Amino acid sequence: MMSTDTRPARPFGAVGTAMVTPFTPDASVIDHDAAQRLAVHLADTGNDMIVVSGTTGEAPVLADREKLDLARSVQEAVGHRTRIVAGVGTYDTAHSIELARAHAALGVDGLLVVVPYYSKPTQDGIISHCTAIADSTDLPVMLYDIPGRTGVSLSYETLLRLGEHENIAAVKDAKSDMQQATMVMARTDLAYYSGEDGLNLPWLTIGGSGIVSVVSQVAGAIEKEMIDAVDRSDLPTAIAAHRRLAPLVEAIMTRMPGAVSAKAALYLQGVLPHYAMRGPHVAAVAQQLRDLAAAISEADGIPPVDPARRP
């Protein structure tokens, strides 16, 4: 169905974070106390959506029980304040359906379903996969289009077909095809969320509903400032916020994997007690911590580096 309203719908909120998963120092188990403190920090700094068990949350190395326990912990901490979206997409349709139903039973607010990775299915296979997951619960679904990781993307025709499903509400786009997205938004009611931090403002200006960000863990207040400025058609203020974010985006998203740098940055700010990673990721080393600390210290309007943790 074609929408005649040019204002962005926000089925999942506006300022979203792909939350890291805190571990104990040896990364053997999830640190649930730290996860709950982090969730509160995110809610306090402007986030109205938290995605758990996404790529930044190291979903590929989390057991199913860990994913469910993490979602439960975050929901207990901030479920009354933010939307909780659970990453349930895998390259196995049946497994994804099991995860979707289990998370729905917890009462999360939505599901993130990545395009099946590694297998490189056809577009018909992608449609079948996503439709089966969307049919399995009553929760709204956000599709995740990130061909750089999955090896295959959602075609224009596939997006139009999936947009007809009553439970498929949005797309998290890390493909950066804004022309395609513009055409999809013109012909469907799918809401678009930026999945690439450096392009958050461009996405908002063409009708994007919001962001699912890595950098918002560190700078959620600035991200919210930018989105609020776009909402009131104050482009100069939005551009100023975008430029303030740029050095952080460069430091967090281009020098090492986002999960590694975001966790290290949160440690430097005193939000997380540890920055351990599970393999194949390795934790940030001293020079990387120093570079991150410098970028954080130069940023305006975000929690500063804890002096006791400055490398």
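Residues take numbers from 1 onward in each chain, read along the sequence in its written order. Confidence filtering applies because this is a predicted model: local features only for residues at pLDDT of at least 70, side-chain atom pairs given and counted only at 80 or more, and all residues used for totals across whole chains, interfaces and linings. For side-chain calculations, the full set of non-hydrogen atoms in the structure is used, while hydrogens and water are omitted.

1. Points about the overall build of the protein
- Regarding its fold elements, the protein presents 12 helices and 8 strands.
- For the protein, the C-alpha radius of gyration of 18 Å lies close to 19 Å, the compact-globule estimate for 311 residues.
- Taking the principal axes of its C-alpha atoms as reference, the protein extends roughly 55 × 45 × 35 Å.
- Accessibility here uses a 1.4 Å probe with only protein chains present; expressed as a share of the type maximum, an area under 20% marks a residue as buried, one over 50% as exposed, and anything in between as partly exposed. Residue burial in the protein is summarised as follows: out of 311 residues, 54% are buried.
- Residues count as neighbours in contact if any of their non-hydrogen atoms are within 4.5 Å of one another. In the protein, of all internal contacts separated by at least 6 residues, the share reaching a separation of at least 24 is 71%.
- Residue burial considers only the protein chains on display, and all accessible areas are found by Shrake-Rupley using a 1.4 Å probe. Put simply, the protein shows about 12,700 Å² of open surface, and 52% of that area lies on carbon and sulfur atoms.
- Of the charged side chains in the protein, 25 are positive and 36 negative, and the gap between their average positions amounts to 3 Å. To qualify as a helix, a DSSP run of H or I must reach at least 4 residues; to qualify as a strand, a run of E must reach at least 2; elements of each kind are numbered from the N terminus. All radius of gyration figures rest on C-alpha atoms, and the globule criterion is 2.2 Å times the number of residues raised to 0.38. Working convention for charge: Lys and Arg count positive, Asp and Glu count negative, and His plus the chain ends are omitted. By convention, the point assigned to a charge is CZ for Arg, NZ for Lys, CD for Glu and CG for Asp.

2. Quick notes on the pairing of strand β3 (residues 83–87)
- Of all 5 residues in β3, 4 are buried, a share of seventy percent or more.
- As defined by bridge partners, strand β2 (residues 49–52) adjoins β3 across 4 bridges and the pair is classed as parallel. Directly across from Val-52, in β3, lies its bridge partner Ala-86.
- As a crossover connection, the stretch from β2 through helix α2 (residues 64–78) into β3 is right-handed.
- Here, a strand pair is defined by DSSP locating no fewer than two bridges between the strands. Relative to strand β4 (residues 110–114), β3 runs parallel, the two being bridged by 3 bridges. Bridge pairing links Ala-86 to Leu-111 in β4.
- Since β3 and β4 lie parallel, the crossover through helix α3 (residues 93–106) that links them has a hand, and here it is right-handed. Orienting the strands away from the viewer, one traces the path from the first strand over the helix to the second; a clockwise path indicates a right-handed crossover.

3. Quick word on the nonpolar core
- Core analysis: the biggest nonpolar cluster contains 93 residues, and Met-19, Ile-50, Val-52 and Val-74 have the highest contact counts within it.
- If you tally residues by element for this core, the top one is helix α11 (residues 258–268), at 8 residues.
- Beyond its immediate stretch of four places on either side in the chain, Val-52 contacts Met-19, Leu-70, Ala-71, Val-74, Ile-84, Val-85, Ala-86 and Gly-87.
- Think of a nonpolar core as a cluster: buried Ala, Val, Leu, Ile, Met, Phe, Trp, Tyr and Cys residues, connected wherever their side-chain atoms sit within 4.5 Å. Among the nonpolar cores identified, the runner-up in size contains 16 residues, and Phe-12, Ala-18, Val-114 and Met-142 belong to it.

4. What about the sheet that holds β2?
- An order of β1-β2-β3-β4-β5-β6-β7-β8 is seen for the 8 strands of this closed barrel, with the pairing classed as parallel. Adjacent strand axes in the sheet meet at a mean angle of 25°, parallel and antiparallel pairs treated alike.
- Lines fitted to the C-alpha atoms define the axes, with helices restricted to the stretch that makes contact. Angles between their N-to-C directions range from 0 to 180 degrees. Relative to strand β1 (residues 15–18), helix α9 (residues 216–231) is tilted by about 160°, and along the sheet it contacts β1 and β8 (210–213).

5. A short note on the side chain of Ser-136
- Following the sequence through the fold, Ser-136 ends up in the loop between α4 (123–135) and β5 (141–145).
- Of the residues examined, Ser-136 reaches a relative accessible area of 15% and is grouped as buried.
- Here a polar contact means two N or O atoms within 3.5 Å. Within protein one must be a hydrogen donor candidate and the other an acceptor candidate, and residues neighboring in sequence count only if both atoms are side-chain atoms. Of the polar contacts made by the side chain of Ser-136, one reaches the backbone oxygen of Ile-133; its length is 2.6 Å.
- For Ser-136, the contacting residues outside a window of four places in its chain are Ile-97, Ala-100 and Arg-101.

6. Considerations on the layout of surface pockets
- The method works on a 1 Å grid over the protein atoms by themselves. A cavity is a set of points holding a 1.4 Å probe that cannot get out, a pocket is an open set with protein on both sides within 12 Å along at least five of seven lines, and residues with an atom within 4 Å of a point line them. Grid points are joined across faces, edges and corners, and a volume is the space filled by probe spheres set on the points. Within this model, the largest pocket holds a volume of roughly 560 Å³.
- Contributing elements (two or more residues each) for the lining of the largest pocket: α2, β4 and α5 (147–150).
- Polar here means any residue outside two lists: the nonpolar Ala, Val, Leu, Ile, Met, Phe, Trp, Tyr, Cys and Pro, and the charged Asp, Glu, Lys and Arg; Gly therefore counts as polar. Classifying every residue of the lining of the largest pocket by side-chain character gives 12 nonpolar, 10 polar and 5 charged.
- In this structure, the second largest pocket encloses a volume near 440 Å³.
- Surrounding the second largest pocket, 25 residues form its lining, Tyr-144, Arg-149, Gly-195, Val-214 and Met-253 being those nearest its centre.
- Counting only elements with at least two residues in the lining of the second largest pocket, the list comes to β8, α10 (235–253) and α11.
- Its residues assigned to classes, the lining of the second largest pocket shows 13 nonpolar, 8 polar and 4 charged.

7. A few points about the UniProt feature "binding site: pyruvate" (unreviewed entry) in the protein
- According to UniProt, the "binding site: pyruvate" (unreviewed entry) feature falls on Thr-56 and Val-212. Separation in sequence by 157 residues is not matched in space for these annotated residues, since their most distant C-alpha atoms are only 10.7 Å apart. Among the annotated residues just listed, those that line the second largest pocket are Thr-56 and Val-212.
- By secondary structure assignment, the location of Thr-56 is in the loop between β2 and α2.
- Among all residues touching Thr-56, those that are not within four sequence positions of it are Ala-18, Met-19, Val-20, Thr-21, Val-214, Gln-217 and Ala-259.
- The class of Val-212 is buried, set by a relative accessible area of 4%.
- Setting aside residues no more than four positions away along its own chain, Val-212 makes contact with Gly-16, Ala-18, Met-49, Val-51, Met-142, Lys-172, Tyr-193, Ser-194 and Gly-195. UniProt positions are given in the numbering used here, feature names are shortened, and annotations may be inferred rather than shown by experiment.

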